[in-house]
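# Fold and geometry: a report
These are the residues of each chain, in order.
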Amino acid sequence: MTPTEIAGTLAELFSAEATVAIAPGSWQVETPAFRLLVLLSDDGSWLRVLLPIVPAQQARPFLEQFLEANFDETLQVRYASHQGVIWGVFQHNCSSLSVEDLRDAIAQLISLQEVGLDDVFNRLIESRVRQIILAAKMQGQSLEFTMQNLERFYAEGLMGDENQTSQAREETLAAWRRQLERLWPEIEP
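Sequence positions are assigned chain by chain, starting from 1 and proceeding in written order. Residues qualify for local features only when their pLDDT is at least 70, as the model is predicted, and side-chain atom pairs are given and counted only at 80 or more; totals for whole chains, interfaces and linings, by contrast, use all residues. Just so you know, side-chain values use all the structure's heavy atoms and leave hydrogens and water out.

With that settled, consider the pattern of salt bridges. When a carboxyl oxygen of Asp or Glu lies within 4 Å of a side-chain nitrogen of Lys or Arg, that pair is called a salt bridge. With the rule as written, the count across this model stands at 11 salt bridges. A salt bridge links Arg 177 to Glu 144, with the nearest nitrogen and oxygen atoms 2.9 Å apart. Taken together, the positions of Arg 177 in helix H7 (residues 166-183) and Glu 144 in helix H6 (residues 143-155) put the pair 33 residues apart, joining distant regions of the chain. Under the scheme applied here, a residue whose accessible area is under 20% of the maximum for its type counts as buried, over 50% as exposed, and between as partly exposed, the area being computed with a 1.4 Å probe on protein chains only. Since its relative accessible area comes to 41%, Glu 144 is described here as partly exposed. Note that Glu 181 and Arg 177 form a salt bridge whose closest N and O atoms lie 3.6 Å from each other. With a gap of 4 residues between them, Glu 181 and Arg 177 both fall in helix H7, about one helical turn apart. Given the relative accessible area of 23%, Arg 177 is considered partly exposed. Ionic contacts of the salt-bridge type, sharing partners, join the residues Glu 68, Asp 72, Glu 73 and Arg 123 into one network. Helix and strand definitions follow DSSP, with helices as H or I runs of at least four residues and strands as E runs of at least two, each counted in order from the N terminus.

Now the structure itself:
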């Protein structure tokens with residue numbers, strides 16, 4: 001792709017008003033939801049598209065999950081860390097980049113930005129639930145016994161928010177049950 005094709009594709013996707021050339025070979029797309037950066041390498045052979053996802057401080061507990069997502073889920077885009085921010089990044093050689101590839105990559109980046117921490121948080125929670133199941137099974141506990149322990153922990157205030165209403169506690173325990181029932185058969189001690 002040439003710089004003209006890149007600029008045209010950005011204008012088609014977001015409008016000419018939202019797409020601003022900030023330097024030769026560099027564009028910024030400003031929307032109410034995000035700011036997308038599109039940068040060519042100094043020699044113009046590589047394109048990099050960047051979209052900030054979340055401050056790195058917020059993401060720190062989830063770094064392992066971000067790396068796992070890079071390996072398993074993010075396809076042609078990646079999570080990266082730079083200047084205190086977790087970014088969604090797409091890099092491609094301009095000579096083999098098609099308009100459709102660029103459009104797809106931008107759509108994937110926007111999807112990462114919209115999801116924010118939700119996917120990595122859910123991944124972390126699932127790994128913790130798996131650890132609980134493994135520990136319970138290694139102690140010879142059944143699913144029901146494990147669930148009873150969780151209910152007791154919530155009733156005694158060892159888990160959950162002390163200001164949690166009884167309805168909120170019941171919803172939380174129902175979510176625990178769904179996760180335990182879903183994952184229990186998959187875990188072998």
